[in-house]
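# Structural characterization, general
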Amino acid sequence: MQLSQRILHATLMIVGLLGVLAAIAWQQRPDGYLHLSLLTVNGDAALLRTPAGRFVLIDGGTEGDQLLLLLGRLMPFWQRDLQAVILTGTDSRRVPGQVAALSHYAIGYALAPPGLEGTGYAGEWQRQLGAQATPVAKLRPGQRFALDDVVFVVIDAQEGKEGGVVLLVTYGTTRVLFHTGGRDGDQAALRAAKDPVDLLIYPWARELQTSAVQQLRPRAIAFSSAYSTEDPVLLSYAERRRFSPQVQHPRADGRIEWMSDGRTARIVLHPD
């Protein structure tokens, strides 16, 4: 009798555990939306989930452990691959965290600005991708690639510490523009200004009173941290709202999640 009770107890525990795993899997299933999360890391990092449930990591911040913790929370527990990784700059506030991700996830393909060095974190980034036999491509102006109806367009890509990428991401009629603040970035961003952008990801330290920002007419601005300058713009949140109805920063607002069904978009804040 005692043995039967133990078997019954063990069976119920297994059934309960399977039920919990099934509930988590159901909750984490693809929902047909494009999700873009700006992560609460030191530096810049964003995780994009396509409507079909594939993941793209953009930059990585400075701390690998923090990035891996956040990826573990946001990705399904069974998911051990990233469809793509993208670097919008080659500095120490974007690359180190992504290097940590390469050691834990299989990578489909990788993209980076021209002029990537072969030493330090950039060298390790290339070494790990080479060990996985992952195709690596240089980002170049005019380049386009698509993933599950999400289209990535490289507006500008320049090398060096003062370089960076201007990257437009579209899903249906909704648009996100990554502006990393590289040389001539504003002039390049103007090429994306035909229609308003739903979300502009823009350096906190960079001047906002520019023709690019005015013509992009962003419905929301999420500020990034990696860009640095000896003469940062000093504006309060209230002053920054002159340029967009919504302004957020991951350090102040927590994880910023932008969601789109291809027609409309909204932002959800997740305080940590």
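Here the structure is shown first, and the text comes after it.
None of these values were measured; they are calculated from a predicted model.

Quick look at the sheet that holds strand β4 (residues 81-86) now. Within the open sheet, the eight strands sit side by side as β6-β5-β4-β3-β2-β1-β14-β15. Their pairing is mixed. Looking at strand neighbours, the two that pair on one side only are β6 (136-138) and β15 (265-270), the edges of this open sheet. Geometrically, the sheet is characterised by an average inter-axis angle of 20° between neighbouring strands, direction not taken into account. As paired elements, strand β3 (residues 55-59) and β4 share three bridges and run parallel to each other.

The strand order β7-β8-β9-β10-β11-β12-β13 describes an open sheet built from seven strands, whose pairing is mixed. The open sheet is flanked by β7 (144-147) and β13 (246-248), the only strands paired with a single partner. In this sheet, neighbouring strand axes are inclined to one another by 20° on average, regardless of whether the strands run parallel or antiparallel.

Moving on, we come to helix α3 (residues 95-102). For α3, the tally of buried residues reaches eight of eight residues, placing the bulk of the element in the interior. Elements that come into contact with the buried residues of α3 comprise β3, α2 (64-74), β4, β5 (106-112) and α4 (120-132).

Bringing the packing of α3 against α4 into the picture now. It is the contact of α3 with α4, at a shortest axis distance of 9 Å, that shows an interaxial angle of 20°. Looking at the two axes, α3 sits roughly parallel to α4. In the packing of α3 onto α4, the handedness of the crossing is left-handed. Together, V95, P96, Q98, V99 and L102 of α3 and Y121, A122, E124, W125, Q128, L129 and Q132 of α4 make up the contact between the two elements. Among the residues forming the contact of α3 with α4, the class breakdown is eight nonpolar, three polar and one charged.

Analysis parameters
- Residues numbered from 1 in each chain as written.
- Predicted model: local features only at pLDDT ≥ 70, side-chain atom pairs only at ≥ 80, totals over all residues.
- Heavy atoms only, no water.
- Pairing = 2+ DSSP bridges.
- Helix = DSSP H or I, 4+ residues; strand = E, 2+ residues; numbered from the N terminus.
- Axes fitted to C-alpha atoms, helices over the stretch in contact; angles between N-to-C directions.
- Buried < 20%, exposed > 50% of the residue type's maximum accessible area, 1.4 Å probe, protein only.
- Contact = heavy atoms within 4.5 Å.
- Parallel < 35°, antiparallel > 145°, perpendicular 65-115°, else oblique.
- Left-handed = near helix turned anticlockwise from the far one by under 90°.
- Nonpolar A, V, L, I, M, F, W, Y, C, P; charged D, E, K, R; others polar.

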